[in-house]
Every structure is written in C-alpha cells, then in structure tokens.
Amino acid sequence: MTLPPTRIDVAVVGAGAFGRNHARVYHELEQQGEPVHLAAIVDADPARADAVAREFNTRAFGSLDQLVTWNEIQAASVAVPTRDHLCVARALIEAGIDVLVEKPIASTLAEANELVQLAAQHRRIAQVGHLERFNAAVRATYPLLNHPLFFEVHRMSVFTPRSLDVDVVLDLMIHDIDIVLSFVNSPVEHIHAVGLPVLTDKVDIANVRLEFASGCVANLTASRVSTERVRKVRFFQPHQYLSIDYGRQDLLVFTVNPSGTNPVPGQPDSMIQVAKPVISAGGTAEEPLRAELRAFLSAVRTRSKPVVSFEDGRNALAVALDILSAIQKHSQRIQLPSLQ
C-alpha cells in the first residue's frame, strides 16, 4: 500500500510583491489538494506581514528569529532584497530548513559561495528562483538542443520602482544569462559589454556579447526603461532556427528540410519546415511560478537535486558580475560618470 505524500509546511520570508506571489501560489496549491501548507509569512514590517497573512489565512511573524524558534516549518521561500539573501538563507539553512532563494542568489560571489557551502554542509535542498527555467516554452526547447551557435536575446520592461537595489543586469538580464548558460553548457571565454544609467544611479540598460568555448556567441540586451515589454530568445543551431516568446510561452522551430530536396518551383520556402511544438498537454501552459514551486516541493519531498541549484545560481551570478565589470571598464574608457 502506497502511503500519501507527507505534507510540507512552508513559510515565505519577505512579504513584498514577490513574496506575496509565492504565498498566493502555495495557498492555491494547498487549496487544490497538494500536500503543502502555507504555515507562515515573515516580514520586518509587521503590518505588511499581517496583511498578506490575513489574505491567505495563515500566521504572521515580524522577525526571522520568531519563525526559527517556532520550529514548525520544513521549507521556505526567501523573497527579501538581494542584500539580505545571505543572512536570511543562512539562518534558515542552519535551522534545518530547505530554501528557495529568489534570484539573484546573492549580491556578491563570496556570498554565493558561502550559500553553496552552507547548503552542502547542512544537506539542505537549496534552489534559486530563476523562473524562466520553468517557462513551458523553455522546457519544450531542451530536448531540441544539439549545438547552439548564435543567440539574440531581448528583455525589455517599462520602468517600475521595484528591485532598484540592483542594476538591470542582476534584475532582468540574469534570467537570460541563466537560460543561455543552461542551453549552451560551455564556459564563457570573452565578454564585451556596455551599459548606461538612465533613471537611476545604476545600469538601467545593457547590451552584452558572450563568447563561449564551444564557439557559440550570444548577444543579450536588457532594459528597464523601455516603452514596451519584450521577452524573447532567438537562436540558431545547425539547420535550425528557434524562437521563444517567454510572455506567450510560445516556441517556433524552423528546420531546413532534412531530405535536402530542391525547392518546389514557385515555392522557395518549401525547404523550410515550420513547427510549433505542443508545450502543454492540457492546451494551457502552467504559470511558471507554480511550476517552480511544485518542482521545489518535489525536490524537498524526494531529497533530490533541484532543477536550478545553488551552483547554477552562483554560475549565473558570476557571469552577471563579470558583465558589470566589463560595463564599468567601458564607462571608464569613454569617461562616463562612475556607475554605482
């Protein structure tokens, strides 16, 4: 007789926009019969913690110490500002709690390395919230990869007064850095980058060219001062062109006719086969955050490696910080004001 899966009691630390969304999805999963219980919301602002806790019928705490002392949870989402990721995740991990830390994993590579070591030392499940890994179109792309050679990536967003503690590379571009690293699976050898502050004292728009040991080249552009919202990845590999629209969770695949036959007279495009892979059995793609949290809970329950490990988060951060260093050098070369 198979026993039902054990219920996992979870907390969300940080009750801002990201934290509220984590709480919402955990609550929805619980309402839909998943073996999970949203046990607590934690925020340094008691009023904000209380508001989110009331909304999702759970308990509020004003400090992390109160949560850890309570000793009633097995896993937690960490959705506090990036500068606080290390101290919050450290306290949870040392208390024996599995963690999902929103991206980027940390502010510095030293902090990221410490988190990787802490998770390994305490044998905790530790995942980073690189949400696009759980986008249905991205998941449908992995089986199609053979030898990616050239990427063109755009992530443009209108300005909002959130996540201004980090620049656009760590705020937005890091999603695409993680995706490209996971697609290419090859070390970055050269980075050329430019970036500018527009509305803040940090980089608000950036463009980078990554050159990989495999020979692949990726051009990435990210902006948080755009007039429109664009989130697309396009890439070429032998005999194929693939286009991913993150927002629509849509994938198009253009393939040169493998038979090598000549074009049909009057139909010059007949050598190109266009396919739109089915990305969801039900016809409707799952919300990426829901897929992410379900994957996290599954890793906690089975004690298996998360889809996006702390090591993955650390590697994406390392490339992002190298990009920022390249932007700084370029700014100095052309005598722009020093970036924060």
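For the structure itself, consult the block above.
Residues numbered from 1 in each chain as written. Predicted model: local features only at pLDDT ≥ 70, side-chain atom pairs only at ≥ 80, totals over all residues. Heavy atoms only, no water.

A.B. asks: Can you walk me through the nonpolar core in this structure?
C.D. replies: One recurring pattern in soluble globular proteins: nonpolar side chains tend to sit buried together. One finds Leu67, Leu92, Phe151, Val169, Ile177, Phe310 and Ile323 to be the most contacted residues of the largest nonpolar core, which totals 76 residues. The element that contributes the greatest number of residues to this core is helix 7 (residues 168-184), accounting for twelve residues. Setting aside chain neighbours within four positions, we find Leu92 in contact with Val13, Leu64, Leu67, Ala76, Val78, Ile97 and Val99. If you look at the next biggest cluster of nonpolar residues, it comprises 23 residues, including Leu29, Val52, Phe56 and Leu100. (Core = buried A, V, L, I, M, F, W, Y, C linked by side-chain atoms within 4.5 Å. Buried < 20%, exposed > 50% of the residue type's maximum accessible area, 1.4 Å probe, protein only. Helix = DSSP H or I, 4+ residues; strand = E, 2+ residues; numbered from the N terminus. Contact = heavy atoms within 4.5 Å.)

A.B. asks: How do you make sense of the sheet that holds strand 11 (residues 230-237) when you look at a structure like this?
C.D. replies: Judged by pairing direction, the sheet is mixed, and its eight strands sit side by side in the order 8-9-10-7-11-12-13-14 without closing on themselves. Both edges of this open sheet fall to strand 8 (188-196) and strand 14 (272-275), since each of them pairs with a single strand only. With direction set aside, neighbouring strand axes in the sheet form an average angle of 10°. Here strand 13 (residues 250-256) runs beside strand 14; their pairing, made up of four bridges, is antiparallel. Bridging across to strand 14, Val256 finds its partner in Ile272. Docked against the sheet, helix 7 engages strand 7 (150-156), strand 8, strand 9 (205-212), strand 10 (217-223), strand 11 and strand 12 (240-245), running at close to 155° with respect to strand 10. The sheet contacts of helix 9 (residues 310-333) involve strand 8 and strand 9, and relative to strand 8 the element is tilted by about 55°. (Pairing = 2+ DSSP bridges. Axes fitted to C-alpha atoms, helices over the stretch in contact; angles between N-to-C directions.)

A.B. asks: Whenever I open this one, a nonpolar patch on the surface confuses me. Can you help?
C.D. replies: A contiguous nonpolar surface patch, about 500 Å² in accessible area, is contributed by Phe159, Leu196, Val198, Leu199, Ile334 and Leu336. Relative to the elements of secondary structure, Ile334 occurs in the segment after helix 9. Judged by relative accessible area, which is 45%, Ile334 ranks as partly exposed. (Patch = residues over 30% accessible without salt bridge, like charges linked within 9 Å, V, L, I, M, F, W, Y side chains within 5 Å. Areas by Shrake-Rupley, 256 points an atom, 1.4 Å probe, with all protein chains shown as cover. Salt bridge = Lys/Arg side-chain N within 4 Å of Asp/Glu carboxyl O.)

A.B. asks: In this structure, what is going on with helix 5 (residues 109-121)? I would like to understand it.
C.D. replies: Turn by turn, an α-helix covers 3.6 residues, leaving residues three or four places apart pointing in a common direction. For helix 5, with 13 residues, the first-to-last C-alpha span of 18 Å sits near the 18 Å given by 1.5 Å per residue. Taken together, the buried positions of helix 5 are occupied by Ala112, Leu115, Val116, Leu118 and Ala119. For helix 5, the angular spread of buried residues about the axis comes to 165°, placing them on one side. Every exposed residue of helix 5 that faces more than 90 degrees away from the buried side is listed here: Ala110, Gln117, Ala120 and Gln121. If you follow the buried residues of helix 5, they end up packed against helix 4 (85-94), strand 6 (126-129) and helix 9. Phi turns positive, to about 55°, at Arg123, one or two residues after helix 5. (Expected span 1.5 Å × (residues − 1). Arc of directions from axis to C-beta.)

A.B. asks: Quick question: what am I supposed to make of the pattern of salt bridges here?
C.D. replies: A side chain with one charge may pair with a side chain of the opposite charge, provided their charged atoms come close. Scanning all chains against the criterion turns up 24 salt bridges. For Glu114, the salt bridge is made with Arg90, and the minimal N-O distance between the two is 2.9 Å. Of this pair, Glu114 sits in helix 5 while Arg90 sits in helix 4, placing them 24 residues apart in sequence. Under the relative-accessibility criterion, Arg90 is labelled partly exposed at 26%. The network of salt bridges with shared partners includes Lys103, Asp171, Asp204 and Arg224.

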